[in-house]
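# Close look at the chain arrangement
The chain contents come next:
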Amino acid sequence: MSIFANMKRAIVIGASSGIGRQVAQLLIQDGWHVGMASRRIDTLNELKAIAPDRIHTRRIDVTEEDAPKIILELINELGGLNLYFHAAGVGWRNPDLDPEKELRTMEINAVGFTRTVGAAFRYFAEHAGGQIAVITSIAGTKGLGPAPAYSASKALQNKYIQALDQVSHEHKLHITFTDIRPGFVNTPLLFPETLSTMSGSTSTQSKFPMLMTSQSVAKHIIKAIYRKKRVVVIDWRWRILTALWKLIPNCIWRRMKLSNA
């Protein structure tokens, strides 16, 4: 029997900060061997002291074409893969449609997401299955005027995972999916020009209602992964709100002012 047979092995993309970092730490605490990847390799190496024999790091930029190749190298270093967790993403409030922000958001959240999640899917399809868990957002529920590219890219992620789930079922690939849809989380990855400068402040919490911490959200995520939940909205307040959003007809939605959303 392979020495890797009983290991729990995961890759976390976007592990340098925020939710990705918190989830990686919880997996490590639970005894997983974790491949941590992000654009900033220095912050990843800081964590290796926690469990140097179980933590592997790589610099991966999801916008670069060699990202799938590096993911496969990291999988080989781990000795296989059970869980692919995707936390890389960015978003801006951009009602004026600054083209740099809109296109950058799409480059990371749409093209980069498709590139790397697709690589994980192909690996699992060839190696008897596994689990793909991704952080999308409640922002994919409806088109949000204050953040057009962000909400559109999150809707794309929701539908992409749904489509891959259908492919997996049809071809009996034994790949399970967990679509994680948090509300506002106090991390520098979401609306970075705001949260990175006002983290934890009263003004931040008033600007973004029902703001959650990355630590509390990570705990919800770990539970959802272990239970192999298909879709999870975090937390219960956002489940209620998004359920109500879905009931609003477009003729009313387009008239709503979401400047604080």
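What comes next concerns the included structure. This one's a predicted model, so the numbers in the text were calculated from it and none came from an experiment.

Reading the values: rules and limits
Residues numbered from 1 in each chain as written. Predicted model: local features only at pLDDT ≥ 70, side-chain atom pairs only at ≥ 80, totals over all residues. Heavy atoms only, no water. Buried < 20%, exposed > 50% of the residue type's maximum accessible area, 1.4 Å probe, protein only. Helix = DSSP H or I, 4+ residues; strand = E, 2+ residues; numbered from the N terminus. Pairing = 2+ DSSP bridges. Right-handed = clockwise from strand over helix to strand, strands pointing away. Phe/Tyr/Trp six-rings, centres within 6.5 Å; stacked < 30°, edge-to-face > 60°. Lys NZ or Arg CZ within 6 Å of the ring centre and 35° of its normal. Contact = heavy atoms within 4.5 Å. Patch = residues over 30% accessible without salt bridge, like charges linked within 9 Å, V, L, I, M, F, W, Y side chains within 5 Å. Areas by Shrake-Rupley, 256 points an atom, 1.4 Å probe, with all protein chains shown as cover. Salt bridge = Lys/Arg side-chain N within 4 Å of Asp/Glu carboxyl O. Lys, Arg positive; Asp, Glu negative; His and termini not counted. Charge placed at Lys NZ, Arg CZ, Asp CG, Glu CD. Axes fitted to C-alpha atoms, helices over the stretch in contact; angles between N-to-C directions. Parallel < 35°, antiparallel > 145°, perpendicular 65-115°, else oblique. Left-handed = near helix turned anticlockwise from the far one by under 90°. Nonpolar A, V, L, I, M, F, W, Y, C, P; charged D, E, K, R; others polar. Expected span 1.5 Å × (residues − 1). Bend = angle between axes of the 7 residues up to and from the residue. Polar contact = N/O pair within 3.5 Å; in protein donor to acceptor, adjacent residues only side chain to side chain.

## Considering the pairing of strand β6 (residues 175-182)
The buried fraction of β6 amounts to seven of the eight residues, a majority that puts the element mostly inside the structure. For strand β5 (residues 130-135) and β6, the ladder comprises six bridges, and the chain directions are parallel. The partner of Val-134 across the bridge, within β6, is Asp-179. Between β5 and its parallel partner β6, the chain crosses via helix α5 (residues 148-170), and the hand of that crossover is right-handed.

## A closer look at the packing of aromatic side chains
By the definition in use, this model includes five aromatic pairs. Aromatic side chains Tyr-123 and Phe-124 sit 5.8 Å apart centroid to centroid with 65° between the ring planes, which places their arrangement in the edge-to-face category. Residues Tyr-123 and Phe-124 agree in their burial class; the two are buried. Cation over ring: Lys-142 sits above Trp-253, and NZ or CZ is 5.5 Å from the ring centre.

## Topic: the environment of Tyr-123
With respect to the helices and strands, Tyr-123 occurs in helix α4 (residues 99-126). According to the relative accessible area criterion, Tyr-123 is buried, its value standing at 11%. Sequence separation between Tyr-123 and Gly-80 is 43 residues, and the spatial gap between their C-alpha atoms is 9.6 Å. Setting aside anything within four residues of it in sequence, one finds Tyr-123 in contact with Leu-72, Ile-75, Gly-80 and Leu-81.

## Points about a positive patch on the surface
A grouping of Lys-219, Lys-223, Arg-227, Lys-229 and Arg-239 is seen on the molecular surface, where their side chains present a positively charged patch. Tracing the sequence through the fold places Lys-219 in helix α8 (residues 214-226).

## Looking at the packing of helix α3 (residues 67-78) against α4
When two helices pack together, their arrangement is given by the angle between the helix axes and the distance between those axes. Between α3 and α4, whose axes approach to 9 Å, the crossing angle comes to 45°. Relative to α4, the element α3 is oriented oblique. Considering how the two elements wind past one another, α3 and α4 form a crossing that is right-handed. Contacts between α3 and α4 pair Ala-67, Pro-68, Ile-71, Leu-72 and Ile-75 from the former with Arg-115, Thr-116, Ala-119 and Tyr-123 from the latter.

## With respect to a nonpolar patch on the surface
Residues Trp-236, Ile-240, Leu-244 and Leu-247 make up a contiguous nonpolar surface patch of roughly 470 Å² in combined accessible area. Structurally, the position occupied by Ile-240 is in helix α9 (residues 236-247). Given a relative accessible area of 46%, Ile-240 falls into the partly exposed group.

## Let's talk about the packing of helix α1 (residues 18-29) against α8
At their nearest, the axes of α1 and α8 sit 9 Å apart, and the two run at 55° to each other. Here α8 runs oblique to α1, going by the angle between their axes. In the packing of α1 onto α8, the handedness of the crossing is right-handed. Counted together, Gly-18, Ile-19, Gln-22, Val-23, Leu-26 and Leu-27 of α1 and Ser-214, Gln-215, Val-217, Ala-218, Lys-219, Ile-221, Ile-222 and Tyr-226 of α8 form the full contact between these two elements. Looking at side-chain class alone, the contact of α1 with α8 contains nine nonpolar, four polar and one charged residues.

## Details of α4
Helix length check: α4, at 28 residues, gives a terminal C-alpha distance of 39 Å against a target of 40 Å (1.5 Å per residue), a fit within 8%. Maximum bend of α4: about 35°, positioned at Phe-113. Measuring from the side-chain oxygen of the N-cap residue of α4 to the backbone nitrogen of Glu-100 gives 2.9 Å; that N-cap residue is Asp-98. Just downstream of α4 lies Ala-128, where phi reads positive at about 65°.

## Observations regarding the pattern of salt bridges
All chains considered together, the criterion is met by nine salt bridges. Across the pair Arg-21 and Glu-46 runs a salt bridge, and its minimum N-O distance is 4.0 Å. Of the two residues, Arg-21 sits in helix α1 while Glu-46 sits in the loop between α2 (41-45) and β3 (55-59), which places them 25 residues apart along the sequence. What makes Glu-46 exposed here is its relative accessible area of 55%. One connected set of salt bridges, linked through shared partners, spans Arg-59, Asp-61 and Glu-64.

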